2 protein chains.
Amino acid sequence: MAPSALPSNYEDLRTVISTRHDLLSKRLRQIAEFALANPNDMALETVSVIAERANVQPSSLIRFAKAFGYDGFSTMQRVFRARLTERQPSYRERIKALKEQSDTPMSAITVLDRFTEAATHALSHLREETRPELLEQAVELLANAEWIHVIGQRRAFPVAAYLNYTLSHLDRKVSLIDSVGGMVTEQAKNISPNDLLLAVSFQSYAPDTLAIATQARQQGSKIIAITDGPLSPFAALSDVCFEVEEAQVESFRSLSACMCLSLSLAVCLGYRLDKNTNFDNLFA
Amino acid sequence: MAPSALPSNYEDLRTVISTRHDLLSKRLRQIAEFALANPNDMALETVSVIAERANVQPSSLIRFAKAFGYDGFSTMQRVFRARLTERQPSYRERIKALKEQSDTPMSAITVLDRFTEAATHALSHLREETRPELLEQAVELLANAEWIHVIGQRRAFPVAAYLNYTLSHLDRKVSLIDSVGGMVTEQAKNISPNDLLLAVSFQSYAPDTLAIATQARQQGSKIIAITDGPLSPFAALSDVCFEVEEAQVESFRSLSACMCLSLSLAVCLGYRLDKNTNFDNLFA
DNA sequence: ACTAATTTAGAAAAATCATTCTATTTGATC
DNA sequence: GATCAAATAGAATGATTTTTCTAAATTAGT
């Protein structure tokens, strides 16, 4: 009765359920239909809740699971649960794995291997986790700002410089607060309430950047932040906050994902400002 | 103590947790960090499993939930569970949906999708095409140089700035030729025959960078170039030349691969200089 | 350095939940 | 329509899980 190999991922389970659907008894067929139609319920609800929603007895659900070879409902439920998490293949764990194989001596090419791999993960994480609305809100703020001020210090500076570069190719007024000559405070004075501050900052959050953002917030300027997590002080300070989990091997963090996000932002803004723009000559 | 309205969706909960993070007691803060980093675990595992993974007592999790106004852990867990079902369709589904409505020119998220995809290709290209000897030669030159001068202009500047940042964390003498105050020529005069020039340049090769590289070559300084192809004038000028095929969508070129290479170079150099170095405090 | 207040750990209790079991129903076969 | 096998319902059970509670530990204030 039980199938040879019991399905351990959702796709397989789906197939098996569909295939055997016609051969099932009335009540089990009813459950099969419910399961395929409501995989979320199957994953998250308790036996009695699912039973109620599917109009069956709780015990039928156990019979259902056993009919497919599982030793109980909970075992089958794992498959439904895995479906909910497997679409983002646990970025954190893969990075952790990278860290753990660090006892092997590092040849030059190994280092490059590790970093390209880590960066690839960071990129796919960026792609999966960035909410479209966030991007659109950011683009809207960028489009409406009278003047855009970009700041980023230390490790964040290359990102800020890049944003400054790309944005200045669109017809927005942009200035980079680069603190040349120790003029941070003076440069920050130029930020007016109708302006936008584009702040890039990572742990351990440069005090200047934080101070300027705080000041900008107080006087009512808009703020877009590119930072490294929900616990960043910029998460609370900003109107739109991009949390970029950057590639990391041991204690070295890359900037690949940030650069990618920055370029994307600029290009989106380009489209937003003029949908017919021919960009061929920009970013030359 | 309890907040007025208790968050009923994940985004709100996240915000509340971030905001109150600093005010929480040690153990609760620990849980807050775990929760934000592992929302999947929070959604699907039992109290005791989560407690184990987060290295806290089960009862602490209940205290945590109550601290945020919920009447028990299960109530809070619902919020984490809801996140899994309200999730946006996965990346693949998103793209499929977008391709079908091909009249929509470029939505924000499509742009990001394209660029992350392109950057991923660029990274794997970088890994596959970079010859190990090239990296090792570069590291050797970097290790032996008396002084390292980094130059990059316009689009290449962020890469140069990043190299300057990472290299200056190792005990090498580095300076960035940033042409502040139009002092390019003056800054370039500091390059002596025992020094190394690390030049970053892409089409259409900034004249200043090219001029300085030429001059450096003539006086016998070593040159490492990061550039964009065999046809680059830097290919012939340099001792070691990295040809990075950068991610490109339409006419927009990213810098993800360059940033990755730069970091790798710096880390390799770190290992080369001192194989026992503890890097934990570098690149903070 | 001492006291009071808060926080935490861990075991014990309460609640919930999955599963089993048996009486009953359904449906097929002769 | 009688008989048997299979399927089902629903209560009872047993296991797991959440929550409570108290003693110990930590922290802050005087």
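First, a word on scope: everything that follows refers to the structure included in this document. (Residues numbered from 1 in each chain as written. Chains lettered and ligands numbered in written order. Predicted model: local features only at pLDDT ≥ 70, side-chain atom pairs only at ≥ 80, totals over all residues. Heavy atoms only, no water.)

Side note on helix α4 (residues 47-54) of chain A
Residues and elements named next belong to chain A.
Thought 1: Looking at α4, one finds that the buried residues are Ile 50, Ala 51 and Ala 54. One side of α4 holds all its buried residues, which, seen down the axis, span an arc of 105°.
Thought 2: Once α4 finishes, Asn 55 follows within two positions and takes phi at roughly 60°, a positive value. (Buried < 20%, exposed > 50% of the residue type's maximum accessible area, 1.4 Å probe, protein only. Helix = DSSP H or I, 4+ residues; strand = E, 2+ residues; numbered from the N terminus. Arc of directions from axis to C-beta.)

Some points on the interface of chain B and chain A
Thought 1: Counting residues at the interface gives 68 residues for chain B, matched by 64 residues for chain A.
Thought 2: Interface area for chain B against chain A, summed over the two sides, is near 6300 Å², with a carbon-plus-sulfur share of 67%.
Thought 3: If you sort the residues of chain B by the area they bury against chain A, Leu112(B), Arg127(B) and Phe252(B) come out on top, with a joint share of 10%.
Thought 4: Between chain B and chain A we count two salt bridges in total.
Thought 5: Arg14(B) is the partner of Glu243(A) in a salt bridge, and the nearest nitrogen-oxygen pair spans 2.1 Å.
Thought 6: Residue contributions to the side of chain B that touches chain A peak at 13 residues, all from helix α8 (residues 108-129) of chain B.
Thought 7: Looking at the side of chain B that touches chain A residue by residue, the classes come out as 35 nonpolar, 17 polar and 16 charged. (Contact = heavy atoms within 4.5 Å. Buried area = accessible area lost by both parts, 1.4 Å probe. Salt bridge = Lys/Arg side-chain N within 4 Å of Asp/Glu carboxyl O. Nonpolar A, V, L, I, M, F, W, Y, C, P; charged D, E, K, R; others polar.)

Brief notes about the protein's contact with DNA strand C
Thought 1: In the region of DNA strand C, 17 residues are neighbours, and Lys66(A), Phe73(A), Arg27(B), Gln57(B) and Arg63(B) sit closest.
Thought 2: The sugar-phosphate backbone supplies 76% of the atoms of DNA strand C found within 4 Å of the protein.
Thought 3: Between a phosphate oxygen of DNA strand C and a side-chain N or O atom of Ser60(B), the distance comes to 3.3 Å.
Thought 4: A distance of 2.5 Å separates a phosphate oxygen of DNA strand C from a polar side-chain atom of Arg63(B).
Thought 5: Of all the elements in the fold, those that place two or more residues in the surface near DNA strand C are α4, α5 (58-67) and α6 (73-86) of chain A together with α2 (26-37) and α5 (58-67) of chain B.
Thought 6: Tallied by class, residues from the surface near DNA strand C come to four nonpolar, nine polar and four charged. (Near = heavy atom within 4 Å. Polar contact = N/O pair within 3.5 Å; in protein donor to acceptor, adjacent residues only side chain to side chain.)

Details of the nonpolar core
Thought 1: Core analysis: the biggest nonpolar cluster contains 113 residues, and Leu167(A), Phe242(A) and Phe242(B) have the highest contact counts within it.
Thought 2: Beyond its immediate sequence surroundings of up to four residues, Phe242(A) is in contact with Thr130(A), Leu134(A), Leu135(A), Ala138(A), Ile224(A), Ala225(A), Ile226(A), Thr227(A), Leu261(A) and Leu265(A). (Core = buried A, V, L, I, M, F, W, Y, C linked by side-chain atoms within 4.5 Å.)

Looking at the protein's contact with DNA strand D
Thought 1: Taken together, 16 residues lie near DNA strand D, and Arg27(A), Gln57(A), Arg63(A), Lys66(B) and Phe73(B) sit nearest.
Thought 2: Of everything in DNA strand D that lies within 4 Å of the protein, sugar and phosphate atoms constitute 74%.
Thought 3: At 2.5 Å, a side-chain N or O of Gln57(A) approaches a phosphate oxygen of DNA strand D.
Thought 4: Contacts to DNA strand D include Ser74(B), whose side-chain N or O atom sits 3.3 Å from a sugar or linking oxygen.
Thought 5: Elements with a minimum of two residues in the surface near DNA strand D: α2 (26-37) and α5 of chain A together with α4 (47-54), α5 and α6 (73-86) of chain B.

Some words on the sheet that holds strand β1 (residues 148-152) of chain A
All names here are of chain A.
Thought 1: Overall, parallel pairing links the five strands, which are arranged β2-β1-β3-β4-β5 in an open sheet. Two strands close off the open sheet at either side, each with one partner strand: β2 (174-177) and β5 (240-243). Going across the sheet, the axis of each strand differs from the next one's by a mean of 15°, ignoring polarity.
Thought 2: One ladder, built from four bridges, connects β1 with β2; its direction is parallel. Across the sheet, Ile 148 pairs through a bridge with Val 174, a residue of β2.
Thought 3: Packed onto the sheet, helix α10 (residues 157-167) meets β1, β2, β3 (196-200) and β4 (222-227) and runs at close to 155° relative to β1.
Thought 4: Against the sheet, helix α14 (residues 256-273) makes contact with β4 and β5, and its axis sits at roughly 145° relative to β4, the strand it touches most. (Pairing = 2+ DSSP bridges. Axes fitted to C-alpha atoms, helices over the stretch in contact; angles between N-to-C directions.)

Remarks on the packing of helix α8 (residues 108-129) of chain A against α8(B)
Thought 1: Between α8(A) and α8(B), whose axes approach to 10 Å, the crossing angle comes to 170°. Comparing their axes, α8(B) and α8(A) come out roughly antiparallel. Each of Leu112(A), Asp113(A), Thr116(A), Glu117(A), Ala119(A), Thr120(A), Leu123(A), Leu126(A) and Arg127(A) in α8(A) lies in contact with α8(B), whose residues at this interface are Leu112(B), Asp113(B), Thr116(B), Glu117(B), Ala119(B), Thr120(B), Leu123(B), Leu126(B) and Arg127(B).
Thought 2: Broken down by class, the residue content of the contact of α8(A) with α8(B) amounts to eight nonpolar, four polar and six charged. (Parallel < 35°, antiparallel > 145°, perpendicular 65-115°, else oblique.)

Observations regarding the layout of surface pockets
Over the atoms rolls a probe the size of a water molecule, and its path tells where empty space is left.
Thought 1: Its volume calculated, the second largest pocket comes out at about 450 Å³.
Thought 2: Surrounding the second largest pocket, 21 residues form its lining, Phe157(A), Phe157(B), Ala161(B), Leu176(B) and Asp178(B) being those nearest its centre.
Thought 3: Elements represented by at least two residues in the lining of the second largest pocket include exactly α10 (157-167) and β2 (174-177) of chain B.
Thought 4: It is α10(B) that contributes the most residues to the lining of the second largest pocket, four residues altogether.
Thought 5: Classifying every residue of the lining of the second largest pocket gives nine nonpolar, eight polar and four charged. (1 Å grid on protein atoms, 1.4 Å probe; cavity = no way out; pocket = protein on both sides within 12 Å on 5 of 7 lines; lining within 4 Å. Points joined across faces, edges and corners; volume = space filled by probe spheres on them.)

Describing the sheet that holds strand β3 (residues 196-200) of chain B
Residues and elements named next belong to chain B.
Thought 1: If you trace the five strands from one edge of the open sheet to the other, you get β2-β1-β3-β4-β5, paired in parallel fashion. Of all the strands in the sheet, just β2 and β5 (240-243) have a single pairing partner and so form its edges. Geometrically, the sheet is characterised by an average inter-axis angle of 15° between neighbouring strands, direction not taken into account.
Thought 2: Bridging between β3 and strand β4 (residues 222-227) involves five bridges; their strand directions are parallel. Bridge pairing in β4 links Leu 196 to Lys 222.
Thought 3: Helix α9 (residues 132-144) rests against β1 (148-152), β3, β4 and β5 of the sheet, and its axis sits at about 130° to β5.
Thought 4: Here α10 sits on the sheet in contact with β1, β2, β3 and β4, set at roughly 155° to β1.

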